[in-house]
Amino acid sequence: MIRKLRGASRLAAALVAVTVLSACGTGGGARSGADAGTLRVWFPGNLSEEIAWVNEKLVPAFKAEHGVDVQVEFVDWANLATRLSTAFAGGTAPDVFGHGNAAAAGYAANDRVIALDDYLAKMPADDVADLTFLDQGKVNGKQVIMPLRGFGHLLAYRADLVKEAGLDPDSPPKTWPELRSAADRLVVRKGDSITRSGVIIPADDPTSMSQAFGSFLFQAGGAFLDESGTTITWNSEAGKRALGFLVDLYNGPQAVSTGLGEATSGAGAQHPLVTGRAAMAVITEATLKSIHEQAPDVAAQIKVAPPLKDAVAASFGGAGNGLFISADSKHKDQAWKFIEFLLKPANAKAYVQAVGGIPARASLASDPDLAAKPYIKPYMDAASQFRGNPNVETWTQQREALAAEIEAALRGKVPAGEALDRAAAKAAPLLKRN
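Residues numbered from 1 in each chain as written. Predicted model: local features only at pLDDT ≥ 70, side-chain atom pairs only at ≥ 80, totals over all residues. Heavy atoms only, no water.

## A few points about the overall build of the chain
Next up, step 1: For the chain, the count of helices and strands is 19 helices and 15 strands.
Next up, step 2: C-alpha extents for the chain along the principal axes are approximately 65 × 50 × 40 Å.
Next up, step 3: Residue pairs in contact within the chain that sit at least 24 positions apart in sequence constitute 74% of those at least 6 positions apart.
Next up, step 4: On the chain, roughly 17200 Å² of surface is accessible, and the fraction owed to carbon and sulfur atoms is 52%.
Next up, step 5: Within the chain, the 46 negative side-chain charges are centred at a point lying 2 Å from the centre of the 44 positive side-chain charges. (Helix = DSSP H or I, 4+ residues; strand = E, 2+ residues; numbered from the N terminus. Contact = heavy atoms within 4.5 Å. Areas by Shrake-Rupley, 256 points an atom, 1.4 Å probe, with all protein chains shown as cover. Lys, Arg positive; Asp, Glu negative; His and termini not counted. Charge placed at Lys NZ, Arg CZ, Asp CG, Glu CD.)

The following block contains the structure:
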């Protein structure tokens, strides 16, 4: 999960907000800096809208309803894992902390978090059924993380550029051949250089690169691991076909894509769709939100297609960031009350209005306010077709090995099949550690 702040002014605002929190005693993370009865919560990221909503709306409302003091800190994603490791080692871990869903199995395996099934069992059955992404927060059948929102990768395109190329902007690509055909029409070249990519995928860091590959892997009918989670399958024929398709976009005399390594996640007004350096792009809902906020005129020309299909219509996504309860917490019941409060329908709605993404409750799928948001509705509509990471302990390390080989293939340094086999050989010892 990537939560990059949109715009320099918002970065400054976020840093001011975090500085104020630190001055109030939230910066150090030590239990000695807070009252023994205070609930300590860490949220990942530095998104100014989230910081404002949590501190100005959520926390005061929770305290008014439950009489519990809450001390909140926002920790940048890049520092989150290190900060948590240090806090656990020093006995100063927060009562509640947020993280991406991919981290769930690791924290569960190391007894850093508690299972939440007993708390869920006390909720009304219809209330639990309304929580969309619960199953993706389970490890070995136990609920360890409560997803706060969903996310996904979908194909977005510039309707004006599509129309200029003689294509129908109301009939986007549905299959890989249609995507390739459209990209061939939309690419612009100057000599041997591509000045406008026909299509691009997120490829600015290992996480986004593996997730982009995952979309095409799922569409080809493949999976990262087998159903038992004990065997690597990303190098199946489906995986090799998927990576081969992506490699052909970026390599050879008929390449239609460029810009590998360019920052696109949450890029807002600098995204290639906005600047005209790409006509189509696979993007997340958070990136689309940043475009709408920073470049509304161009955003009005951007449309989003349903998940592409090879063997099946699917894409990478599902449960995004969520909240854990620390095994070290002395306030577990209050911690659960905080999580439960945040997931109330009104709060779940307000959260995605501030942060973006797919609401954590199915009942909000038809909410008129959310449906009116062009950066939320397409992803809500596709929610049932998103698939995520396998919940295994060493997944994040395996993902690093996979992403390195995907990048090598996309840069033309190694054939797609060989790259996936090499990644599997590197990751197999990690998988055995689970």
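Back to the text.
## Details of the side chain of Asp-367
Next up, step 1: Here Asp-367 shows up in the loop between strand E14 (358-359) and helix H16 (368-371).
Next up, step 2: Within the local environment of Asp-367, its side chain forms a polar contact with the backbone nitrogen of Asp-369, the two atoms lying 3.0 Å apart. (Polar contact = N/O pair within 3.5 Å; in protein donor to acceptor, adjacent residues only side chain to side chain.)

## Details of the pattern of salt bridges
Next up, step 1: Evaluation of the coordinates by the stated rule reveals 22 salt bridges.
Next up, step 2: Notably, a salt bridge pairs Asp-135 with Lys-138, separated by 3.3 Å at the nearest N-O pair.
Next up, step 3: Classification of Asp-135 as exposed rests on a relative accessible area of 59%.
Next up, step 4: With a relative accessible area of 32%, Lys-138 lands in the partly exposed category.
Next up, step 5: Measuring nitrogen to oxygen at the nearest pair gives 2.6 Å for the salt bridge that ties Asp-369 to Lys-349. Taken together, the residues span a long stretch of sequence, with Asp-369 in helix H16 and Lys-349 in helix H15 (residues 345-355) at a distance of 20 residues.
Next up, step 6: Accessibility expressed as a relative area gives 17% for Lys-349, which makes it buried. (Salt bridge = Lys/Arg side-chain N within 4 Å of Asp/Glu carboxyl O. Buried < 20%, exposed > 50% of the residue type's maximum accessible area, 1.4 Å probe, protein only.)

## Some details on the packing of helix H9 (residues 206-219) against helix H10 (residues 237-250)
Next up, step 1: One way to put it is that H9 packs onto H10 with a least axis distance of 8 Å and a crossing angle of 125°. The angle between H9 and H10 falls in the class oblique. Along this stretch, H9 crosses H10, giving a crossing that reads as right-handed. Residues Ala-212, Phe-213, Phe-216 and Leu-217 of H9 lie in contact with H10, whose contacting residues are Ala-238, Gly-239, Ala-242, Leu-243, Phe-245 and Leu-246.
Next up, step 2: Residue composition of the contact of H9 with H10, by class: nine nonpolar, one polar and no charged. (Axes fitted to C-alpha atoms, helices over the stretch in contact; angles between N-to-C directions. Parallel < 35°, antiparallel > 145°, perpendicular 65-115°, else oblique. Left-handed = near helix turned anticlockwise from the far one by under 90°. Nonpolar A, V, L, I, M, F, W, Y, C, P; charged D, E, K, R; others polar.)

## Considering unusual backbone geometry
Next up, step 1: Of note, Asp-111 is a non-glycine position whose phi angle comes to about 55°, a positive value.
Next up, step 2: When you line up the elements, Asp-111 lands in the loop between helix H4 (104-109) and helix H5 (117-121).
Next up, step 3: With a phi close to 55°, Asn-140 is a non-glycine residue in the positive phi region.
Next up, step 4: Mapped onto the elements of the fold, Asn-140 is located in the loop between strand E4 (138-139) and strand E5 (142-143).

## With respect to the sheet that holds strand E3 (residues 96-99)
Next up, step 1: Strands sit in the order E2-E1-E3-E13-E6 across an open sheet of five strands; the sheet is mixed. Bordering the open sheet on either side are strand E2 (70-75) and strand E6 (146-147), each of which pairs with just one other strand.
Next up, step 2: Bridge count between strand E1 (residues 39-44) and E3: two bridges; the pairing is parallel. Residue pairing for E3: Val-41 is matched across the bridge by Val-96.
Next up, step 3: On the sheet, helix H2 (residues 48-66) packs against E1 and E2 and is oriented at approximately 165° with respect to E2.
Next up, step 4: Together, E1, E2 and E3 form the strand contacts of helix H3 (residues 77-90), whose direction differs from that of E3 by roughly 145°. (Pairing = 2+ DSSP bridges.)

## Overview of the packing of helix H8 (residues 176-186) against H10
Next up, step 1: Following both chains from N to C, one finds H8 and H10 inclined at 5°, their axes separated by 12 Å at the closest point. Relative to H10, the element H8 is oriented roughly parallel. Residues Trp-176, Leu-179 and Arg-180 of H8 form the contact with H10, whose own contacting residues are Arg-241, Ala-242, Phe-245, Asp-248 and Leu-249.
Next up, step 2: For the contact of H8 with H10, the class distribution of residues is five nonpolar, no polar and three charged.

## Let's talk about the packing of aromatic side chains
Next up, step 1: Under the criterion given, the structure shown has 21 aromatic pairs.
Next up, step 2: On the basis of an interplanar angle of 80° and a centroid distance of 5.8 Å, the ring pair of Phe-88 and Phe-97 is categorised as edge-to-face. One exposure class covers both Phe-88 and Phe-97, and it is buried.
Next up, step 3: Ring geometry for Phe-97 against Tyr-107: centres 5.3 Å apart, planes inclined by 70°, an arrangement best described as edge-to-face. A residue pair is termed long-range when its members are at least 10 positions apart, and Phe-97 in strand E3 and Tyr-107 in helix H4 qualify at ten residues. As far as the burial class goes, Phe-97 and Tyr-107 line up, both buried.
Next up, step 4: One residue, Arg-83, lies across the ring of Trp-42, its end atom 4.8 Å from the ring centre. (Phe/Tyr/Trp six-rings, centres within 6.5 Å; stacked < 30°, edge-to-face > 60°. Lys NZ or Arg CZ within 6 Å of the ring centre and 35° of its normal.)

## Considering the environment of Phe-218
Next up, step 1: Within the fold, Phe-218 resides in helix H9.
Next up, step 2: Exposure remark for Phe-218: the relative accessible area of 4% places this residue in the buried category.
Next up, step 3: With residues up to four places along the chain from it excluded, the contact list for Phe-218 reads Ala-223, Phe-224, Val-312, Ala-314, Ser-315, Phe-316, Arg-387 and Gly-388.

## Notes on the environment of Leu-186
Next up, step 1: For Leu-186, the location among the structural elements is in helix H8.
Next up, step 2: The exposure class assigned to Leu-186 is buried, which follows from its relative accessible area of 0%.
Next up, step 3: Ignoring sequence-local partners within four residues, the contact set of Leu-186 consists of Leu-161, Val-162, Ala-165, Leu-167, Arg-196, Gly-198, Ala-279 and Met-280.

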